Amino acid sequence: MCGIIGVTGADVPLDVLLGGLRLLEYRGYDSAGVALVALPGDDGSTASLWRRRSAVRAQSIAELESSREAAPRARTGIGHTRWATHGAATEANAHPHTDCSGEVAVVHNGIIENHRKLAARLVAAGHLLASETDSEVVAHLVEDELALGAGLAEAARRVAGELQGDFAIAVAYAREPETLAAVRRTSPLIVGRTGTLGVVASDIAAVLGTTRDLYALGDDQVAEVRPGSLSVSDLAGNPVDPRPVRVSWGVRAAQREGYEDFMSKEIHEQPRALTDTLLGRLHPDGATEFEELSLGEEVLGAIDRVLVVGCGSSYHASQVGRLAIERWAKLPATAEIASEFRYEDPVLDGRSLVIAVSQSGETADTYHALREARRRGATTLAVTNVVDSLMAREADGVLYTRAGPEIGVASTKCHVSQLVLLQAFALHLARLRSTLDADEASRLATGLAALPELVARALGKSEQYGAVAARIVEANDVFFLGRNVGYTIAQEGALKLKELAYVRAEAYAAGEMKHGPISLIDRNAVALVVVTRGALLEKLLANVEELRARGATVLALADEGDKETSALADLVLEVPPTEELLSPAVAVVPLQLLAYQIARTRGNDVDRPRNLAKVVTVE
Ligand code: F6R
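Procedures and definitions
Residues numbered from 1 in each chain as written. Predicted model: local features only at pLDDT ≥ 70, side-chain atom pairs only at ≥ 80, totals over all residues. Heavy atoms only, no water. Axes fitted to C-alpha atoms, helices over the stretch in contact; angles between N-to-C directions. Helix = DSSP H or I, 4+ residues; strand = E, 2+ residues; numbered from the N terminus. Parallel < 35°, antiparallel > 145°, perpendicular 65-115°, else oblique. Left-handed = near helix turned anticlockwise from the far one by under 90°. Contact = heavy atoms within 4.5 Å. Nonpolar A, V, L, I, M, F, W, Y, C, P; charged D, E, K, R; others polar. Core = buried A, V, L, I, M, F, W, Y, C linked by side-chain atoms within 4.5 Å. Buried < 20%, exposed > 50% of the residue type's maximum accessible area, 1.4 Å probe, protein only. Domains from an automatic or database assignment. Near = heavy atom within 4 Å. Polar contact = N/O pair within 3.5 Å; in protein donor to acceptor, adjacent residues only side chain to side chain. 1 Å grid on protein atoms, 1.4 Å probe; cavity = no way out; pocket = protein on both sides within 12 Å on 5 of 7 lines; lining within 4 Å. Sits in = over half its atoms within 2 Å of the grid points.

A. Examining the packing of helix α3 (residues 115-124) against helix α4 (residues 136-147) more closely. At a minimum axis separation of 10 Å, α3 and α4 run at an interaxial angle of 50 degrees. Viewed along their axes, α3 and α4 adopt a mutual orientation that is oblique. As α3 runs across α4, the sense of the crossing is left-handed. Two secondary-structure elements touch here, α3 through His115, Leu118, Ala119, Arg121 and Leu122 and α4 through Val137, His140, Leu141 and Asp144. Across the contact of α3 with α4, the residue classes tally to five nonpolar, two polar and two charged.

B. Summary view of the nonpolar core. Within the largest apolar cluster, 86 residues are counted, with the highest numbers of intra-cluster contacts made by Trp328, Ile355, Phe425, Ile472, Leu497 and Leu528. Per element, the largest residue contribution to this core is twelve residues, and it comes from helix α21 (residues 584-601). Both domain 2 (254-449) and domain 3 (459-601) contribute no fewer than three residues apiece to this core. Core analysis: the next-biggest nonpolar cluster, separate from the first, contains 27 residues, Leu18, Ala32, Leu36 and Leu208 among them.

C. Representation of the site of the ligand within the structure. The local shell around the ligand holds 14 residues, among which Ser314, Ser358, Ser360, Thr363 and Glu499 are the closest. Within the backbone of glutamine 359, a nitrogen or oxygen atom sits 2.6 Å from an oxygen atom of the ligand. A distance of 2.4 Å is found between an oxygen atom of the ligand and a side-chain nitrogen or oxygen belonging to threonine 363. Of all the cavities here, the one that holds the ligand is the second largest pocket. Where the shell around the ligand is concerned, the elements lending two or more residues are α10 (312-329) and α18 (485-501). A class-by-class count of the residues in the shell around the ligand yields four nonpolar, eight polar and two charged. Formed jointly, the shell around the ligand draws a minimum of three residues from each of two domains, domain 2 (254-449) and domain 3 (459-601).

The following block contains the structure:
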């Protein structure tokens, strides 16, 4: 979840590091830090490390910026932005960590599972550990290897062999002022170069402004990064060719481009994200084409069950996907919370298709669920926004959402792209299995193709949020209710309100209210009901009546012109009408905007909500 950046060969490495950290901040913002290898002075002083760290949450990078003037002349440095796992969010626990000599600096993303054992060994040998983190042991282990005569890259290789867990690590060393060592297992790490520079980063976005000549390190690969050159080897020291990274978006995509924050930019990019995600994949007659999908008709034709797995917003998209797969392709399909699925002893075989849905392609819970599914013999498919991500590489097949980089911590454009891509894939399965007639397939394809336009229309209705937002702020506690696909929308709406606006919101399948939660309803209760116009409409409206009868304020999300709902509800948010099962991409938009508006009114940081990180690489 942390962000790593490193550069060597730069005239002002601190500029590269701080610029990179700004772009990485979405990965974690509890603290940040940089270390430079200060060049020897004219006075005969030797090279040394200069380090600055700050733990003032979202202001940490700004504080580092204020130390620019004090920065020494250097060509090489590393930086880090942290989401705390082991050890509180303090300056002492902020990266980079150093060894006892103060000559080795390390930044780390991931978890070193055997850190206690290693720390005990280091302390027994006389090392002084200054933090509560699992990461610091790496600096001291490297120190020991250097003392035995290894060069920096060799020391990093030997240390990596001792580590258990997931890690991406970059190391700088005062006595090799033009070298960085980088090593990884599971947590991603990119290395790159220009004619004069070498770079390391956990994310493409952080270095895309510097170079597009980028390579993804593989598991247990070590890179020696020098100005203009890279050499990569495995843990045994054998040279390997790192895999080039293809980047389909430009550096501007990871910038705010005039919006006040990434979240509003990304909400407004949703029509574009959907257009790109569907591009070339859907034909008006209902035919589908998934060029990169390596699961052929024979494999997919043999599938007898689908499990769609994800976390948070990706789980909500998975629920929409599973409804479409079951309804259109007539395959038994379930949606599973990834962190639970892995430990449920799932019964799977080659005819089970497990679809892992993840914006980042890196989320530990989903990644391990995917691996478990493979281990149990299932056919696997990753749906992700990040090309070549862990899950893209792990799964038998991959489908990419084409939403561009999502920097705001709360998922918006990736969530809608995921669910629409899953719906297009459901059509694909339906076609293979001949479960839809030609007219129906064509009607659904046309409906999917119209979604970008409908989302754009939903975005244009921001004038209607004020009164609804005021009622929610007043209540500070909201039920989100819906049935069938409306329940998935309700869950996503509640999640957005919780994570951005810090308002307690509970999503319920509306029919469940009478089985217990209705005892919470009184005149102070506020319920936001997602009214989707399908077979359950009358039953849903009856549920609304039950709430009104007990004095609740009813806020409704309903199709434009839905008079029946308007008559029942106290306030209505209108959305352009769509076919019921296609409605989530459109209906979620007002709920995103509502959460955004309330969060802004409360002065919350919408791009970096408290306690969260964009990429959750711990279980
Ligand atoms: C909510 C949100 C999270 C993510 C979840 C999974 O707005 O962003 O709930 O959806 O952490 O992340 P990915 O999709 O990267 O696996």
